[in-house]
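Coordinate inspection notes
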Amino acid sequence: MAELPQRVRIREVGPRDGFQNEPETIDTYDKVRLIDQLGRSGFRRIEVTSFVRPDVIPQLADAAAVLEAIDVPDDVALSVLVPNERGLDRALEHRDRFHEVSVFLSASQTHNRKNVNRSVEESLAGLRLVLGRAREAGLRCEAVIATAFGCPYEGRVPPERVASIASELLDAGAQEIGFGDTTGMANPRQVRELFPAWRSALGAEVELTAHFHNTRGQGLANVVAALDAGVDSFETAFGELGGCPVPAGATGNVATEDVVSMLEEMGIETGVDLPALVVATGMVADVLGRPLGSHVSTAGPVDWSPSPPAS
Ligand code: ZN
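Here's what I pulled together on the structure shown here. No experiment lies behind these values; they were computed from the predicted model shown.

**Some details on the coordination of the zinc ion**
Coordination of the zinc ion by the protein comes from Asp17 (OD), His211 (NE2), His213 (NE2) and Asn253 (OD1), over a distance range of 2.0 to 2.3 Å. Because the angles between the 4 donor atoms bound to the zinc ion fall within 82 to 147 degrees, the donor set is best described as irregular. In primary-sequence terms, the residues that donate to the zinc ion follow D-x193-H-x1-H-x39-N. Of this pair, His211 sits in strand E7 (residues 207-212) while Asn253 sits in the loop between strand E8 (233-236) and helix H10 (256-265), and the two are 42 residues apart along the sequence.

The structure is reproduced here in structure tokens:
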């Protein structure tokens, strides 16, 4: 393995990527409690909600109420997802409550059309306006490219195509590019090869973030491959929450607690307080009333202190 990063940045995206994909709408009160607990778990970045159309994603219709009610430490950068200018307008009404925006599109035409009913070119044109206005408002901007590693409808997605979309997004004002394995098609070898290629296409200054889903159980392996490729920025969701609206059955993000546990055991700093995070995961399991996919939420953090077997 190459020399691994000594520390990584993790953006917790469960409150957006996770809550939007639950069949039931979580009470605003519970969302706020959960985000407040995450805010006390050492994260420096949390994606808290999305200003999508309430009639399209009713699960996040309370975006403004959540933003206004949460109480997290000042050093936590809060981001909101905005799909278009209308969403940005709604978000900007609460400008003092967050620091970053995320925008998104898919690298493949079919997935983009099914997700947002636009061609990739139409999305790029719209996001150019959003990114320009968000930067004018003093917001840091991330752009996430979904299906960057493969598309369930089109199969292989040419890496050069992903790089050229990323270039356009950077040109439009994005400061960070997230590469989303939205439907869990990536494998470690591919991840190990693609990030250096994207890095050399996009330059050393740009923050490249890996956003893996654990749809086929390869999330952690892909995280290690990304580390080996020099990636030090990740997006994950507590409790392995999350998914994608299309196609049905696209399951959760790689679990934050599993990633944090693995990295800390590897001697890589995450800044995350794992016991506090496991409390948040227990809280969300109670709220959802279902078992979660993550491992560390069940097993607990690794304990190296010798303990005699119970008699
Ligand atoms: Zn995701």
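The rest of the description comes next.
**With respect to the packing of aromatic side chains**
Two aromatic rings, taken as a pair, are described by how far apart their centres are and by the angle between their planes. In total, this model carries 7 aromatic pairs according to the counting rule given. Ring geometry for Phe179 and Phe195: centres 5.4 Å apart, planes at 80 degrees, overall edge-to-face. Of the two residues, Phe179 sits in strand E6 (residues 176-181) while Phe195 sits in helix H8 (residues 188-202), which places them 16 residues apart along the sequence. The exposure class of Phe179 is buried, given its relative accessible area of 0%. When its relative accessible area of 2% is taken as the criterion, Phe195 is described as buried. With 4.2 Å between their ring centres and 10 degrees between their planes, Phe179 and Trp198 make a pair best called stacked. Linking Phe179 in strand E6 with Trp198 in helix H8, this pair joins segments that are 19 residues apart in sequence. Each member of the pair, Phe179 together with Trp198, is buried. An aromatic cluster is defined as three or more aromatic residues linked by ring pairs; in this entry it consists of Phe149, Phe179, Phe195, Trp198 and Phe212. Residue placement shows Arg95 over the ring face of Phe98; its charged tip is 6.0 Å from the ring centre.

**A closer look at the packing of helix H9 (residues 219-228) against H10**
Here H9 crosses H10 at 50 degrees, and the two axes come no closer than 10 Å. When the axis of H9 is compared with that of H10, the two are oblique. In the packing of H9 onto H10, the handedness of the crossing is right-handed. Contact residues: H9 offers Leu220, Val223, Val224 and Leu227, while H10 offers Asp258, Val259, Met262 and Leu263.

**Concerning the environment of Gly138**
Structurally, the position occupied by Gly138 is in the loop between helix H6 (120-136) and strand E5 (140-146). The sequence separation of Gly138 and Asp62 amounts to 76 residues, and the corresponding C-alpha distance is 24 Å.

**Things to note about the pattern of salt bridges**
Tallied over the entire structure, the rule returns 25 salt bridges. Here Arg53 ties to Asp55 by a salt bridge, and the two come within 2.8 Å at their closest N and O atoms. Neither residue differs from the other here; Arg53 and Asp55 are each classed as exposed. Note that Arg140 is salt-bridged to Glu207, the shortest N-O span being 2.7 Å. Highlighted residues: Arg140 in strand E5 and Glu207 in strand E7, separated in sequence by 67 residues.

**Examining the sheet that holds strand E3 (residues 77-81)**
One closed barrel holds the 8 strands; their spatial order is E1-E2-E3-E4-E5-E6-E7-E8, and the pairing between them is parallel. Strand after strand, the sheet turns through a mean of 25 degrees between neighbouring axes, direction not considered. With 2 bridges connecting them, E7 and E8 associate as parallel partners. Paired with His211 across the strands is Glu235, a residue of E8. Helix H7 (residues 159-171) rests against strand E4 (100-106), E5 and E6 of the sheet, and its axis sits at about 160 degrees to E5.

**A look at unusual backbone geometry**
At Asn117, a residue that is not glycine, the phi angle is positive and equals roughly 60 degrees. By secondary structure assignment, the location of Asn117 is in the loop between helix H5 (109-116) and H6. Of note, the phi angle at Glu240 is positive, near 60 degrees, even though the residue is not glycine. One can find Glu240 in the loop between E8 and H10.

**Observations concerning H8**
In an α-helix there are 3.6 residues to a turn, and that puts residues three or four apart on one side. Compared with an ideal rise of 1.5 Å per residue, which puts 15 residues at 21 Å, H8 spans 21 Å between its outermost C-alpha atoms and is within 8% of the ideal. Residues of H8 that are buried: Gln190, Val191, Leu194, Phe195, Trp198 and Leu202. End-on view of H8: buried residues confined to an arc of 120 degrees, all on one side of the axis. Structural note: H8 exposes Arg189 and Ser200 on the side pointing more than 90 degrees away from its buried face. The secondary structure elements touched by the buried residues of H8 are H7, E6, E7 and H9. Positive backbone phi, approximately 100 degrees, marks Gly203, located one or two places after H8.

About the thresholds
- Residues numbered from 1 in each chain as written.
- Predicted model: local features only at pLDDT ≥ 70, side-chain atom pairs only at ≥ 80, totals over all residues.
- Heavy atoms only, no water.
- Donors = N, O, S within 2.8 Å, 3.2 Å for Na, K, Ca; no water.
- Tetrahedral: all angles 85-135°; square planar, octahedral: opposite > 155°, others 65-115°.
- Helix = DSSP H or I, 4+ residues; strand = E, 2+ residues; numbered from the N terminus.
- Phe/Tyr/Trp six-rings, centres within 6.5 Å; stacked < 30°, edge-to-face > 60°.
- Buried < 20%, exposed > 50% of the residue type's maximum accessible area, 1.4 Å probe, protein only.
- Lys NZ or Arg CZ within 6 Å of the ring centre and 35° of its normal.
- Axes fitted to C-alpha atoms, helices over the stretch in contact; angles between N-to-C directions.
- Parallel < 35°, antiparallel > 145°, perpendicular 65-115°, else oblique.
- Left-handed = near helix turned anticlockwise from the far one by under 90°.
- Contact = heavy atoms within 4.5 Å.
- Salt bridge = Lys/Arg side-chain N within 4 Å of Asp/Glu carboxyl O.
- Pairing = 2+ DSSP bridges.
- Expected span 1.5 Å × (residues − 1).
- Arc of directions from axis to C-beta.

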